Amino acid sequence: MSEECTHDCSSCSQNCSSREKSPADFLEQPHELSCIKKVIGVVSGKGGVGKSLVTGMLSVLMRRREFNVGVLDADITGPSVPKMFGIHERACGDEAGLYPVKTKTGIDVMSVNLLLENESDPVIWRGPVIAGTVKQFWTDVIWNDVDFMFVDMPPGTGDVALTVFQSIPVDGIIIITSPQELVSMIVEKAVNMAKMMNIPILGLVENYSYIQCPDCGKKMPVFGESHIDEVAEKFGLEVLGRLPIDPQLAKNCDGGVIELFEGDWLDKAADKIENL
């Protein structure tokens with residue numbers, strides 16, 4: 001390092017050991033035959049809050065708006081996306097690359113479950129292998145023509161989240177929460193990671209917000225009063241939707257027919273994504 005160093009690498013032509021890499025230096029190019037316009041990550045700071053559900057519903061909503069949609073299932077050890085779409089076939093490939101499997105309405109999906117001999121086989125891999133697989137879903141899969149790609153992230157801020165944020169040009173993330181009071185701390189972790197990685201946060205979606213009485217229509221907060229508005233205000237974020245505990249929605253997921261769901265809970269989130 002020169003004695004005259006100002007520590008401003010952007011204005012310096014020297015190739016010294018202390019030069020800091022910009023986030024763009026780590027980005028991987030997608031497959032040469034891929035065409036992907038926008039990438040949206042669906043994340044949370046903990047598991048079990050409904051990332052896959054929101055990923056599936058948003059992809060269905062954008063497909064209904066006649067966009068070409070892809071889903072990259074980055075939750076390698078807990079891949080539930082194929083089941084909610086009723087996909088049981090295996091992905092195939094040729095000398096050019098690997099091809100995603102299409103759902104009934106034409107959504108492209110790539111998940112590790114589409115590569116296993118039996119979809120119930122466990123994925124017992126260490127972190128670096130899992131992260132490498134996610135990267136290959138971006139670089140080796142031929143995403144032919146995708147307007148919006150949704151990345152269903154695993155919980156937390158570990159290897160896979162870091163790989164996705166560093167390797168894939170994510171245009172924005174949606175953070176999934178639940179009504180419990182501890183959610184503020186969990187959201188803060190996701191927010192801080194996004195800020196550190198320079199990833200725009202599109203907003204928050206709360207799952208398990210309430211259950212609605214089928215007789216009188218009254219909304220009952222099963223997990224207590226929601227704190228999402230306070231959390232959103234604290235971090236300067238927008239609330240993009242509140243999902244109820246809905247038996248029919250659960251039935252659609254279990255039956256592999258998420259594409260038949262009815263409800264306007266995530267229309268605001270879809271509007272935000274469409275206007276990216």
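Residues numbered from 1 in each chain as written. Predicted model: local features only at pLDDT ≥ 70, side-chain atom pairs only at ≥ 80, totals over all residues. Heavy atoms only, no water.

Caption draft 1: How the structure looks around empty space enclosed by the protein. One pass over the full model with this rule turns up 1 cavity of 30 Å³ or more. Along the walls of the largest cavity sit Val43, Ser44, Gly156, Thr157, Ala161, Phe165, Ile173, Ala190 and Met193, which together make up its complete lining. Counting residues per element, the ones that place at least two in the lining of the largest cavity are α4 (159-167) and α5 (183-196). Split by residue class, the lining of the largest cavity holds 6 nonpolar, 3 polar and no charged. (1 Å grid on protein atoms, 1.4 Å probe; cavity = no way out; pocket = protein on both sides within 12 Å on 5 of 7 lines; lining within 4 Å. Points joined across faces, edges and corners; volume = space filled by probe spheres on them. Helix = DSSP H or I, 4+ residues; strand = E, 2+ residues; numbered from the N terminus. Nonpolar A, V, L, I, M, F, W, Y, C, P; charged D, E, K, R; others polar.)

Caption draft 2: Representation of the nonpolar core within the structure. Judged by nonpolar contacts, the single largest core of 81 residues is most densely connected at Val164, Phe165 and Ile258. The greatest single-element share of this core, amounting to 7 residues, is contributed by helix α1 (residues 51-64). When sequence neighbours within four positions are dropped, the list of residues in contact with Ile258 reads Leu53, Gly56, Met57, Val60, Met84, Phe85, Leu249, Asn252 and Cys253. (Core = buried A, V, L, I, M, F, W, Y, C linked by side-chain atoms within 4.5 Å. Buried < 20%, exposed > 50% of the residue type's maximum accessible area, 1.4 Å probe, protein only. Contact = heavy atoms within 4.5 Å.)

Caption draft 3: Expanded view of the side chain of Thr139. You can see Thr139 is positioned in helix α3 (residues 127-139). Of the polar contacts made by the side chain of Thr139, one reaches the side chain of Asp140; its length is 3.0 Å. In this view, Thr139 contacts Glu28, Gln29, Pro30 and His31; residues no more than four positions away in its chain are not counted. (Polar contact = N/O pair within 3.5 Å; in protein donor to acceptor, adjacent residues only side chain to side chain.)

Caption draft 4: Representation of the pattern of salt bridges within the structure. Summed over the entire model, instances satisfying the criterion amount to 10 salt bridges. Notably, a salt bridge pairs Asp271 with Arg65, separated by 2.8 Å at the nearest N-O pair. One end of the pair, Asp271, is in helix α8 (residues 267-274); the other, Arg65, is in the loop between α1 and β2 (69-73), with 206 residues separating them in the sequence. Given the relative accessible area of 27%, Arg65 is considered partly exposed. Connected via shared salt-bridge partners are Lys37, Asp145 and Asp147. (Salt bridge = Lys/Arg side-chain N within 4 Å of Asp/Glu carboxyl O.)

Caption draft 5: Quick look at the sheet that holds strand β8 (residues 172-177). Strands sit in the order β5-β6-β2-β7-β1-β8-β9-β12 across an open sheet of 8 strands; the sheet is mixed. The open sheet terminates on both sides in strands that have one partner only, identified here as β5 (101-102) and β12 (239-242). In this sheet, strand β9 (residues 201-206) lies alongside β8 in parallel orientation, the contact comprising 5 bridges. From the neighbouring strand, Ile174 faces β9, where its bridge partner is Gly203. Each of β1 (36-43), β2, β6 (108-110) and β7 (146-152) touches α3; the most contacted strand, β2, lies at about 160° to it. (Pairing = 2+ DSSP bridges. Axes fitted to C-alpha atoms, helices over the stretch in contact; angles between N-to-C directions.)

Caption draft 6: Highlighting the layout of surface pockets. By volume, the largest pocket amounts to about 330 Å³. Only α1, α2 (81-84) and α7 (247-254) provide two or more residues apiece to the lining of the largest pocket. By residue number, the principal contributor to the lining of the largest pocket is α7, which donates 4 residues. The class makeup of the residues in the lining of the largest pocket is 9 nonpolar, 4 polar and 4 charged.

These figures capture arrangement, not role.
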